[in-house]
Amino acid sequence: AVANLMWALAVLDDKSLFVVFKDCESFPASQDLTSDEELSQLHQACITINLSTELASRKSASLLALMSETSVARNQAFRSVHSRPSGMQEQVARTLSSMGLDVREEVTDEASGYSLDIVLDKTSPLAPAHVGKSTAGWAVEVDGPSHFVKSSDGGLHCNGGTLLKQRHLAGLGYALVSVPFWEWNAVEKKRPEERVRYLSEKLELRPSSRKLAP
């Protein structure tokens, strides 16, 4: 229950986590956290804590102990969740490759354990200026329907896990671009040039004289 609460507060924002746990001296023993779901949620909450200067400097002794004692188990639990590339992700990757970009799929960020859908070479001459300043890399997340929840007014919003992932990757220094499913669906069945145009604008690519590969 505590891991789930910490995760939910992390989704809200790190200030909420700080207000609730800044003076807490009682956390569950590490052996009480046994399920992969609990450990994965705790892992994401710990990433939020470590990325926040305010939170990282105010950890109580019991929280420090919990984070230390569960470090190996929560990392293993978090990394054990493997998803296969979706058809949409593979389409995006092929299109990016046809544009002359160096594409790697399903890359694990070693600092956090997150699996990145697509990682591009940030030194590419096509990369926009701000990408070169990123410390970690240039990543593309292809977000299908399972990454979103529908609000009462019918709007789509990132679910908690996706929101945390985006926030954490940005905090780790990635230049991150999200390709939501409804935008890709709008260009998927159009001519290749339309898909290239969409991704070029999405990634803010520099102009290139390179012709589209067949």
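The paragraphs below set out a description of the structure included in this document. No experiment lies behind these values; they were computed from the predicted model shown.

### Description of the packing of helix α3 (residues 36-51) against helix α5 (residues 61-69)
- Where α3 contacts α5, the two axes come as close as 11 Å, and the packing angle between them is 125 degrees. As the angle between them shows, α3 and α5 are arranged oblique. Taken as a pair, α3 and α5 cross one another with a handedness that is left-handed. The segment α3 lies against α5, with Leu-42, Cys-46, Ile-49 and Asn-50 engaging Leu-63, Leu-66 and Met-67.
- The residue inventory of the contact of α3 with α5, partitioned by class, reads 6 nonpolar, 1 polar and no charged.

### Describing the side chain of Gln-44
- By the secondary structure assignment, Gln-44 is in helix α3.
- At 2.7 Å, the side chain of Gln-44 forms a polar contact with the side chain of Trp-7.
- Apart from the residues lying within four places of it in its own chain, the contact partners of Gln-44 are Trp-7, Phe-78, Tyr-114, Gly-161, Leu-164 and His-168.

### Considering the pairing of strand β1 (residues 103-108)
- As judged from the 5 bridges shared by β1 and strand β2 (residues 115-120), these two strands associate in the antiparallel manner. Directly across from Val-103, in β2, lies its bridge partner Leu-120.
- The hairpin formed by β1 and β2 contains 6 residues between the paired strands, and Gly-113 there has a positive phi angle of roughly 95 degrees.

### Some points on the packing of aromatic side chains
- Scanning all chains against the criterion turns up 5 aromatic pairs.
- In textbook terms, an aromatic cluster arises when at least three aromatic residues are bridged by ring pairs, as seen for Phe-148, Phe-181 and Trp-182.

### A closer look at the packing of helix α7 (residues 87-98) against helix α11 (residues 192-202)
- Between α7 and α11, the shortest axis-to-axis distance is 10 Å and the interhelical angle comes to 85 degrees. The orientation of α7 with respect to α11, classified from their angle, is roughly perpendicular. In contact with Val-92, Thr-95, Leu-96 and Ser-98 of α7, α11 contributes Arg-195, Val-196 and Leu-199.
- Taken together, the residues of the contact of α7 with α11 sort by class into 4 nonpolar, 2 polar and 1 charged.

### Here's the deal with the environment of Trp-184
- Looking at where Trp-184 falls in the secondary structure, it is placed in helix α10 (residues 181-188).
- It is 9.8 Å that separates the C-alpha atoms of Trp-184 and Gln-89, two residues lying 95 residues apart in sequence.
- With near-sequence residues (within four places) excluded, Trp-184 lies in contact with Met-88, Gln-91, Val-92, Thr-95, Val-179, Arg-195, Tyr-198 and Leu-199.

Criteria and thresholds
Residues numbered from 1 in each chain as written. Predicted model: local features only at pLDDT ≥ 70, side-chain atom pairs only at ≥ 80, totals over all residues. Heavy atoms only, no water. Axes fitted to C-alpha atoms, helices over the stretch in contact; angles between N-to-C directions. Helix = DSSP H or I, 4+ residues; strand = E, 2+ residues; numbered from the N terminus. Parallel < 35°, antiparallel > 145°, perpendicular 65-115°, else oblique. Left-handed = near helix turned anticlockwise from the far one by under 90°. Contact = heavy atoms within 4.5 Å. Nonpolar A, V, L, I, M, F, W, Y, C, P; charged D, E, K, R; others polar. Polar contact = N/O pair within 3.5 Å; in protein donor to acceptor, adjacent residues only side chain to side chain. Pairing = 2+ DSSP bridges. Phe/Tyr/Trp six-rings, centres within 6.5 Å; stacked < 30°, edge-to-face > 60°.

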